[in-house]
Structures are given as C-alpha cells and as structure tokens.
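# Architecture at a glance
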Amino acid sequence: LDYIKLSNTFKCDTILGEVSNDLSHSHFTSLTIKNSIIDQFREKMNERPSIDMDDPDVILLLYLHKNKGSLYRVWSGNQSMHKRGYRDVIHKAMLRESTAAALLQLSNYQPMIEELIDPMCGSGTIAIEAALLLCNTAPGLLRYNKQT
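Presented here is an overview of the structure given in this document.

Calculation criteria
Residues numbered from 1 in each chain as written. Predicted model: local features only at pLDDT ≥ 70, side-chain atom pairs only at ≥ 80, totals over all residues. Heavy atoms only, no water. Helix = DSSP H or I, 4+ residues; strand = E, 2+ residues; numbered from the N terminus. Buried < 20%, exposed > 50% of the residue type's maximum accessible area, 1.4 Å probe, protein only. Polar contact = N/O pair within 3.5 Å; in protein donor to acceptor, adjacent residues only side chain to side chain. Arc of directions from axis to C-beta. Contact = heavy atoms within 4.5 Å.

This paragraph deals with the environment of Ser 36. With respect to the helices and strands, Ser 36 occurs in helix H1 (residues 26–45). Residue Ser 36 is classed as partly exposed on the basis of its relative accessible area, which comes to 32%. Looking at Ser 36, its side chain comes within polar contact range of the main-chain oxygen of Ile 33, at 2.8 Å.

If you want it as structure tokens, here you go:
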C-alpha cells in the first residue's frame, strides 16, 4: 500500500523461473497478487484502486524462482527499456535508438567534453541519443504517447 495510492491504476505481471507445478501459470499468479493487494485496500480503506492493463500508473512485477519470490515496481513504464519511443513512425532501415545509445556508450563518448560527428547522417538517431545523454535524460522518458 506504500507504493499504490487509491487514485492510481495498477497491474501485476509475473515471470516464472523454476517453480513447482502449483505455480506454473503466470496469469493465475498475477491475479492472486492483484487480488491480495485489492483485499488489503478494502480492509484498510473500504475502497480499492482500479486495474488498467493497457496504461497503468503502477506496474508490479513478481519474479518467482526456486521457492523464492521478489515483487518489484516497474519504473520504466509499460514497454521494455529498449523501446525509447521518441518516434511514432519507424523506417525499416533506420538505426534503432538502443543501438545508437550502445554505440555512444561503447565509444566512451563524453558529451560535456567532446563534439559529436555522426557519420551515418540518416535520421539523426545517433545525434538524438547523444543529446539525450548530454541532458541526462533517462531512456523511455520521452516515450511517444498515442493518447490525445
């Protein structure tokens, strides 16, 4: 209850490692976690937060492996970190944002010290990732949101 407010929407996902047959269904396990959170809200506040599977405010991830479970709050949003998402249209030949970011990291690029020369000169992906690095902008922070 410390991480979810009554006004928040949330969802639970589960990743299963090596588990017993009793816990071999990730969807059922996610529902059990969701129901126990809702039960706690009802017990303490006589109300419950809403569930939103598409765009929740809070995402919880349960990882079960070898009789141990860890419950995490997902801070990167509803998509994987490699999906930077500052473009709404992707050309099939365009350099992926995560690849451009990796190239900058591998080259030990220091944006406060060095100038950037982009030999690709295509859609500007390397330059955009360098600018995000310079501004200390976390991956996915500028994710394109199709809601209006």
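For the rest of this paragraph, the subject is helix H3 (residues 125–134). Regarding H3, the residues found buried are Thr 125, Ile 126, Glu 129, Ala 130 and Leu 132. Within H3, the buried residues cover an arc of 160° as seen down the axis, which keeps them to one side. Following H3 by one or two positions, Asn 136 has its phi on the positive side, about 60°.

Glu 97, Ala 100, Ala 101 and Leu 104 are the residues of helix H2 (residues 97–106) that are buried. Axial view of H2: buried residues confined to an arc of 100°, hence all on one face. Tucked inside the fold, the buried residues of H2 contact H3.

Without other data, these values stay purely geometric and don't point to any function.
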